[in-house]
Structures are given as structure tokens and as C-alpha cells.
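Architecture and fold: a report
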Amino acid sequence: YASKMIKETFNLAHNENLPFLDNAHRIGKKSGNKPRHLIIRFHFWQMKENILQAAKKLGVVEYEGCKFRFVPDYSYELLEIRKSFHNVMSDLFKKQLRPALLYPARLCI
């Protein structure tokens, strides 16, 4: 399902072999209409980066009536560092500024 969704959403139909996925699975228990996370592991990091860039340009990715968001998976340590910027970014948003967190964890105003 994941391979077909990616191929059709990002117009990869011209190349039948793409994308190479090592693994794709959902996590969590299904409860009502609450969406579950879909974890996808790409065989080639270049393909992952291309898909993430294309998804960022599209904004909301929709396939068969379902909306998807593509986000990179960060390590626990990096998530903790990025989380430490939350209060500062919240204050900046209140001051009508548009802060952004650049990779890995660099605040940009």
C-alpha cells in the first residue's frame, strides 16, 4: 500500500521500480477516526529526501480521500533538543514573528 501510494502521489509511475521500501508498517491501535502513524523505511536515503522535499512543496498530501503528512524521524536526543526551543518559539509567535527550527536544532528568526 505505501509503495503504491507514494508512486501515485508523487508521479513516480514512469519508473516501475521506484520507490524501494525496506519496510512499512502502522503503529498504535485503531481507535475510532483517529489516524495512526505509518512508518516507512526507504532503501535509498536519496529517495527519502526527494519524497520529503516533494511532500513539503505539496503541503497536504491526499491519497484515496486520506490526508498524509510526511515528516522525518529524528533520534530521541535530537527531539529533546528541538523540544527545548518550544517556549522560546511560542513567545516569538506571540510577538508576530515567524521563527523556524532548522536541522538539526538551530533557531532561525
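Structure: see above.
Keep in mind it's a predicted model, so treat the numbers as computed, not measured.

Focus: the overall build of the chain
- Scanning the chain from N- to C-terminus turns up four helices and six strands.
- Ordering the α and β elements of the chain from the N terminus gives α-β-β-α-β-β-α-α-β-β.
- The C-alpha radius of gyration of the chain comes to 17 Å, more than 25% above the 13 Å expected for a compact globule of 109 residues.
- Based on the C-alpha atoms only, the size of the chain along its principal axes is roughly 45 × 35 × 25 Å.
- Looking at the chain as a whole, 20% of its 109 residues are labelled buried.
- Here the contacts in the chain between residues at least 6 apart in sequence split such that 30% fall between residues at least 24 apart.

As for the pattern of salt bridges
- Within this structure, the stated rule accounts for three salt bridges.
- Put simply, Arg 41 and Asp 22 hold a salt bridge, and the shortest N to O gap is 4.0 Å. Remark: Asp 22 occurs in strand β1 (residues 21-27) and Arg 41 occurs in strand β2 (residues 37-42); sequence separation between them is 19 residues.
- Ionic pairing is found between Glu 80 and Lys 83, a salt bridge with its closest N-O pair at 3.5 Å. Pair noted here: Glu 80 and Lys 83 are both in helix α3 (residues 76-83), with a separation of three residues, about one helical turn.

Quick word on the environment of Phe 42
- On the secondary structure map, Phe 42 appears in strand β2.
- Classification of Phe 42 as buried rests on a relative accessible area of 13%.

Remarks on the layout of surface pockets
- Roughly 1800 Å³ of internal volume is contained in the largest pocket.
- What lines the largest pocket is a set of 39 residues, among which Leu 38, Arg 69, Phe 70, Val 71 and Pro 72 lie closest to the centre.
- Looking at side-chain class alone, the lining of the largest pocket contains 22 nonpolar, five polar and 12 charged residues.

Comments concerning the packing of aromatic side chains
- Counted by the stated rule, this structure contains two aromatic pairs.
- Ring centres 5.6 Å apart and planes at 70° place the aromatic pair Phe 20 and Phe 44 in the edge-to-face group. Here the residue Phe 20 occupies a position in the loop between α1 (2-9) and β1, and Phe 44 occupies one in the loop between β2 and α2 (45-58), the gap between them amounting to 24 residues.
- What makes Phe 20 partly exposed here is its relative accessible area of 37%.
- Taken together, a centroid distance of 5.9 Å and an interplanar angle of 25° make the contact between Tyr 74 and Tyr 103 stacked. Residue Tyr 74 is found in the loop between β4 (66-68) and α3, and its partner Tyr 103 is found in the loop between β5 (100-102) and β6 (106-108); the two are separated by 29 residues along the sequence.

What counts and how
- Residues numbered from 1 in each chain as written.
- Predicted model: local features only at pLDDT ≥ 70, side-chain atom pairs only at ≥ 80, totals over all residues.
- Heavy atoms only, no water.
- Helix = DSSP H or I, 4+ residues; strand = E, 2+ residues; numbered from the N terminus.
- Rg over C-alpha atoms; globule rule 2.2 N^0.38 Å.
- Buried < 20%, exposed > 50% of the residue type's maximum accessible area, 1.4 Å probe, protein only.
- Contact = heavy atoms within 4.5 Å.
- Salt bridge = Lys/Arg side-chain N within 4 Å of Asp/Glu carboxyl O.
- 1 Å grid on protein atoms, 1.4 Å probe; cavity = no way out; pocket = protein on both sides within 12 Å on 5 of 7 lines; lining within 4 Å.
- Points joined across faces, edges and corners; volume = space filled by probe spheres on them.
- Nonpolar A, V, L, I, M, F, W, Y, C, P; charged D, E, K, R; others polar.
- Phe/Tyr/Trp six-rings, centres within 6.5 Å; stacked < 30°, edge-to-face > 60°.

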